[in-house]
Structures are given as structure tokens and as C-alpha cells.
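Structure assessment
These are the residues of each chain, in order.
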Amino acid sequence: MPVLQTLELTAPSGMLGGDPGEPFGNLPSLRRLSANGWQPPAHAAFLPNLKELILRPQRDPQFMDVQPVLSACINLEQLEIDYGYVEGELPGTIAPITLPHLRAIILAFPSSRSAVQLIRKLIIPQCLRRSIYVRGPVDLGLYIADYRRFICLEESRLERQPEAAAVIFDTLFSSTCIKYRTESLEVKLELHRPPATPAFRDLVQEIQNAFGGPPLTVTIEGASKLHTPLFELLGDQNVQAIVIRCSHAPSWDDSIPKTIRACLADRPGLDEAMAHAATDRSFRSLRSIEFHDSLVKLVVLIRLVEEHLDKASRPSLEKIVLLRCRFELEGMSPDQAVERLERIGIALRLVDSYDER
């Protein structure tokens, strides 16, 4: 098969043993390989010629020793390894792995321990697109420096920032994603049932520092009261936009006012206990708040904003956006709401929103 350039092969369940690379011969033209449920042997003659490699061993731990294979892929430009559902860990000792031509990498692991074992040994100075997923326990506090190093290209001698980078923690009980994109010069923090631990705030702080404090957008799935402690932890960061998506719980409840109060903490009208807790975390850089797919009580929303923002102490908040929202007309019309916020210098935008009549 001298002209074969792309190969995707899935090993049938229960047939993962042996040497799957042996029947293929040299394959001198092979450039892209996707191995599902198996792994090529380190001595496979085609490895040095590969430009793209995808390894998905599924649940078999015998393929966790990836170092010999990667070390043979000296011309690799794109790499994806999905160990997210493997019931096992990487070998205790991994030699350094140098991939001088790598441009993009996506990694998935069952735990931070396995993830860090590999990324500590990766030398990928030209890799400007990086993503790492961790699907197991989020013991983040032990590995903040390692994730920062991976995202921020610290092992590279180039004075460049990544084109795109992401670290995603996705477990049964929580999901959190931190993304950075050079074209927007923005860090995005996406929260789905996040644990409110200082380690997440510390990682955000490390990344912000490494990139020179770019704007931070926090996106939340649902305005649950579980997010309020995390808001308090992030209040001293350069948070310029907060987006709250309520598609899974589109009704107005107490969690939405609590979220707004958390965003506008340390403002006039805030109760003494909350003001004390938020003294150093006041979201002074916040420019916009968005609600998506929610039922909104306009009269309550406007009163909350007016209570916590007056002309003498108003921060940089410029706009509130209601996207695809339904709003109640009782007590206040949309025109009245827009006019009330204009008085304190805040624009209210209703995008594809409508009343419940």
C-alpha cells in the first residue's frame, strides 16, 4: 500500500492484544493515523513520517505507556490523545518527549495526576494551539503551576502567546472551562456546576498574570445560588463581562437576584454581611451583564441595579443585555426600563426578547 496517506482503524472489543503495527509494513506515505482501541508499536517504521496522530485507547490501560510512541513521531504536527475513560494511570517514570514541529495538541485524561505526568515531559516549543481535558477528580490545587505552564507556552523559548488554549475539568459533579484566544485577547471562564474552591481563582489569576491581565468573560450555565461563592472569589480579577445562560432553568427565581447582587457587591444598598465579604472583590472592571433564555421580571431587575449603582459610586458597568428572554410587564414596560437605566448611564438591550402576553 505505497500510496496510503490516511488510516483510521478501530480494534474490535476483546482483540486489543498482539502487535497491530506489524501487518502494515513500512507504509512510507502514511501521514495521518487514527488508532481507536489500539496503539502502534514504537518500532513501527511509519511513525517518523506521521503529521497527524490520534490515539483513543478507550478503556484498556495497557496502552497508557505512550512515551516510546510519541518519541518516534519526530515530524508530528497535530496530536490528539484521549485517555479520558481509561481505568489506569501513566507509568511512574516518563522520559522527556520532544516534538519540535507540533502545532496543535488535544489531551484528555482521567485525572490531573496523569495529565501532569505527561505535560511535564512534553517539549513542544512551536505548539500554539493547546487543549487539555480532565474527566476525573479535580485536585487542581496541586497542579496549578503545571497547567499554567502548559497553557502559557512557558516551556517555549519563543516570546509568543498561544493562538488558542484551554483547560477543561469535566466530572460528574462539576464542569469548568478556562479558554484563551489571541485574536480576541480574552480569557473565557465557562462554569457548569463549578465547585467554589480558591484553586480555580488561583489558576485564573496565574493565567491572567501570564497574559498581562486580558479581559475576562465569565459564562455560567444557570443562575444558581451555587455560583455566588465563586463570584466572590473572582471579583478581584479583570472580569469585564458576565454571561448567564438559563436555557435549562428558564424561570425567574431567587438565584437571579442573588447573582446580580454578587456581581454588584461592595455597592450602596448592599447588606453589611455581604459587603464585608466582598470588600476586596468588587468587580470594579465589570462592563456588561447578559442573561440568555430567561424569564425576567423587569421591575425587580431595574430596582436591583438602581439600589447598587448610583452616580457617585457607579463602576464601569455600561450595559445589560437580555437575549431571547421573556419579560413580565407587570410594574414596568420595556421602554420604562430602558429609560430608568439610561439615567444612570447604563444601556439596556433587548435582543430577540418578548413579553409574555
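1. Describing unusual backbone geometry
Positive phi outside glycine occurs at D293, with the angle close to 60°. Topologically, D293 is positioned in the loop between β14 (288-292) and β15 (295-297). The class for D293 is partly exposed, based on a relative accessible area of 22%. One non-glycine residue, R324, lies in positive phi territory at about 55°. If you trace the backbone, R324 turns up in the loop between β16 (319-323) and β17 (326-328).

2. Comments concerning the packing of aromatic side chains
All chains considered together, the criterion is met by three aromatic pairs. Arranged with centres 5.4 Å apart and planes meeting at 90°, the rings of Y147 and F169 form a pair that is edge-to-face. Here the residue Y147 occupies a position in helix α3 (residues 144-151), and F169 occupies one in strand β9 (residues 164-170), the gap between them amounting to 22 residues. The residues Y147 and F169 share a single accessibility class, namely buried. Taking the centre distance of 5.9 Å and the plane angle of 85° together, the rings of F169 and F200 count as edge-to-face. In this pair, F169 sits in strand β9 while F200 sits in helix α4 (residues 198-210), placing the two residues 31 residues apart along the sequence. Relative accessible area serves as the criterion here: at 1%, F169 is assigned to the buried category. The buried category is assigned to F200, whose relative accessible area is 6%. Put simply, the rings of Y147, F169 and F200 pair up and form one aromatic cluster. Over the aromatic face of F150 sits the side chain of R130, whose NZ or CZ is 5.6 Å from the ring centroid.

3. Thoughts on the environment of L153
On the secondary structure map, L153 appears in the loop between α3 and β9. Judged by relative accessible area, which is 3%, L153 ranks as buried. Each C-alpha atom of the pair L153 and I123 lies 9.8 Å from the other, and the pair is 30 residues apart in sequence. Not counting residues within four places of it along the chain, the set of residues in contact with L153 comprises C127, L128, R130, R160, Q161 and P162.

The rules we used
Residues numbered from 1 in each chain as written. Predicted model: local features only at pLDDT ≥ 70, side-chain atom pairs only at ≥ 80, totals over all residues. Heavy atoms only, no water. Helix = DSSP H or I, 4+ residues; strand = E, 2+ residues; numbered from the N terminus. Buried < 20%, exposed > 50% of the residue type's maximum accessible area, 1.4 Å probe, protein only. Phe/Tyr/Trp six-rings, centres within 6.5 Å; stacked < 30°, edge-to-face > 60°. Lys NZ or Arg CZ within 6 Å of the ring centre and 35° of its normal. Contact = heavy atoms within 4.5 Å.

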